[in-house]
Amino acid sequence: MSDTIIYAMYDDDDKLVDGAKMLVSKGIHVNEVFSPMPIHGIDDVIGVRHTRLGIAAFLYGLTGLMLATLGMKYFMIDDWMMNIGGKPSFSYLENLPAFIPITFEFTVLCAAHGMAITYFLRNGTLPGMPATNPDPRTTDDRFVMEIRTSENSKYSASDIQALVRSTDFVELDEKTV
Amino acid sequence: MNFQFTSKIKRNLFIIIAAGLAMFIIGFSTEKNHMYSELANTEDGTESLLVEYYNELPFTKEAFIDRVKTAASEQGITVDFVDMTLHHGTEVHGESTHHDEFEFKMLLTPHVKETKGSHGHDEGGTHGVEEDGHVEDSHGAHGGVAHSPMETLEHIVHEQGTFPDTGHARSWSNLLVNAFFFFGIGLGALFFIALQYATESGWGVVYKRILEAIIGWLPVGAIFLIFVFFAGSMHWNHIWHWMDPAVMDPGNAHFDPIIANKQPFLSQWFFWMMNVIYFSVFLLFARGFRKRSLQEDLEGGTKIHMKNFAKGAFFLVLFGYLSSVMSWHWIMSIDTHWFSTLFGWLVFSGIWVSATIFILLLVFWLKAQGYVKFINESHIHDMGKWMFAISFLWTYLFFSQFMLIWYADIPEEVTYYLDRFGNYKWILWTTVAVNFVIPIVLLMSREAKRSKITILIIGSILFVFHWVDVFIMVMPGSVFDHWAIGFLEVGMFIAFLGMFIFVVLRTLSKAPLLVTNHPYLDENLHHDT
């Protein structure tokens, strides 16, 4: 199955957002936007699904919380009983305040690292991963919109090109895969 | 468009204030005081009850002893009395303050009355307990008794030692709690507006007039606070222990070296000098911000904006010092022996979150009345984020203070929490739990921060519990164990809330609800997160 990808390049994020709005109003689905910086409000315009990174972060945090609790229970209470601030009651619950800072820190550590690694993996931007953006200039000062004919069965490639031409673009490129 | 402070709203507010005052008067007229009793172990291991009172009692010592004896013998208990009142024979000047004259300090030891052939129990007078009258020993012999003799005695002392409070300790302390809580909201709003000026924030421009309206309470709130402080200095109330000159006087029997060491800070002249500084700085900056805000509406340009920027930054510097020192003077010094350098931040986070909540509640009320349509969901969301974040600042600071004191376990520090864990345990932990768990669970999601119902419910709960937080800061050091939340407390809170809303709405009606010439106004009206 052949798929034609149309890349429309813009030199300003506002022009891209305006163009995307126009295309979306015609019923065209914009697959992806490549940009050197986050474009405010673009998610809603091209209909990107709400990120699930928050759910992932919660799960990583929960993991950290449990690991810290189990770890400290084992280290400080079970394996080698510690005298905590002159309170050698050898009970996790009774010494709970002493454990809270570490629980908190470890929760944050796991949530933050888990989130960052997930983000990089999901975006394919871990160090060493091949770049997937269509044009190196999208890391500098250009903004590219990607439209696939496979996702727009109502329109042919030339129809989409004609519509893109009516926006304030700077370059137009087409690729068949 | 201006807010119309209609006579209907005014009438409703007057009804609220009147209802609050009526409840307060009921509470005020039935205010009770009682003698303080605590368990004490004497050197020979006997458990006794130490009964103390340091003010004028409505009955004589002898009458109290008689009544306790009668009530106790009905329960089958005899009581030994030992007068522990200090005798001031060693006093340097031979003169005593009014406190010494009224001092009551007695050690009460209960014994179970011998039922079979009493053999010479001396009822009252001796305190030697060489006979079989030990509490623990006799308890088993009388297996049918529901309470131990000590519990019965505690109950009797509480009953006989309760009398109408002519000093109105609860009313005075509550006046301080409410005066400070609502002054704090005004102060929180003043800090918030200065913060927005200093950071040149664009997101909060639509809130400016609401913040200014809340700041409008500061002069009124200052009057209430100054009144309580003045009453303290005049010894009309006894909220601040250090204001009693006896504790600072080495010749006096009540000389307290720990408090006396703090004399430079806790002295009348320094207290009042600092009060002049606190109030003048807060009120002058509040007045300046309001004046320039109204002026900006007429003139436009960026000159006033840049001036606000400089003044806002300068205010933040002053506020950083003054808010801490202020809370030491006003609140922390109630528990005179205790100190915590973190206390000022805890108080500050409390007033900031209270102010944020009040802003949101007010905005939703105004929206329901058809005003402030320019405040959109994104503005609400941003303010909701503050409410969420500052709730954790508060929890964080509370826990930081608690954990270090718990960990170190130094006597001069733990007293603060021992007082609170003794008689305020459930209310303290409820407050901490509510102020932490409710925001973290229910306010985390983006939708919750934009939802009117969520914000209204959570905001109202947090608002009340931050009032309770101030309550727990003040009460243990000023009314000790005879606190309650009854007609008096609820009534005064409602009356204050009514007055506060009245002043805020009146200030709000005096200027248009939206500023006109703020440089970031246009950006702000299109705010979208």
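Look up a bit, the structure's there.
Residues numbered from 1 in each chain as written. Chains lettered and ligands numbered in written order. Predicted model: local features only at pLDDT ≥ 70, side-chain atom pairs only at ≥ 80, totals over all residues. Heavy atoms only, no water.

Notes on unusual backbone geometry
With a phi angle near 50 degrees, Phe 90 of chain A is a residue other than glycine that sits in the positive phi range. Its location among the elements puts Phe 90 of chain A in the loop between helix H3 (53-79) and helix H4 (96-123). Residue class for Phe 90 of chain A comes out partly exposed when judged on its relative accessible area of 38%. If you check the backbone angles, His 235 of chain B has positive phi at about 65 degrees while not being a glycine. The topology assignment puts His 235 of chain B in the loop between helix H8 (218-233) and helix H9 (257-261). Residue classification places His 235 of chain B among the partly exposed positions, given a relative accessible area of 33%. (Helix = DSSP H or I, 4+ residues; strand = E, 2+ residues; numbered from the N terminus. Buried < 20%, exposed > 50% of the residue type's maximum accessible area, 1.4 Å probe, protein only.)

Looking at a positive patch on the surface
Residue and element names in this part refer to chain B. Taken together, Arg 287, Lys 291, Lys 303, Lys 307 and Lys 311 make up a surface patch of like positive charges. Elements supplying a minimum of two residues to the positive patch: helix H10 (268-299) and helix H11 (303-330). Looking at which element gives the most residues to the positive patch, the answer is H11, with three residues. Within the secondary structure, Lys 307 sits in helix H11. (Patch = residues over 30% accessible without salt bridge, like charges linked within 9 Å, V, L, I, M, F, W, Y side chains within 5 Å. Areas by Shrake-Rupley, 256 points an atom, 1.4 Å probe, with all protein chains shown as cover. Salt bridge = Lys/Arg side-chain N within 4 Å of Asp/Glu carboxyl O. Lys, Arg positive; Asp, Glu negative; His and termini not counted. Charge placed at Lys NZ, Arg CZ, Asp CG, Glu CD.)

Comments concerning the sheet that holds strand E4 (residues 77-83) of chain B
Two modes of strand pairing occur in sheets, parallel and antiparallel, and in both the strands are linked by backbone hydrogen bonds. Residue and element names in this part refer to chain B. In space, the four strands of this open sheet follow the order E2-E3-E5-E4, with antiparallel pairing throughout. Whereas interior strands pair on both sides, the edge strands pair on one side only; in this sheet they are strand E2 (36-41) and E4. Sheet twist, expressed as the mean angle between neighbouring strand axes with direction ignored, is 30 degrees. Bridging between E2 and strand E3 (residues 47-53) involves six bridges; their strand directions are antiparallel. Each bridged residue has a counterpart across the sheet, and for Tyr 36 the counterpart in E3 is Glu 52. Packing against the sheet, helix H2 (residues 61-74) makes contact with E4 and strand E5 (104-112), and its axis sits at approximately 160 degrees to E4. Across the sheet, helix H5 (residues 149-160) touches E2, E3, E4 and E5, and the angle it forms with E3 is around 10 degrees. (Pairing = 2+ DSSP bridges. Axes fitted to C-alpha atoms, helices over the stretch in contact; angles between N-to-C directions. Contact = heavy atoms within 4.5 Å.)

Honestly, that's just the spatial picture; any functional story needs more than this.
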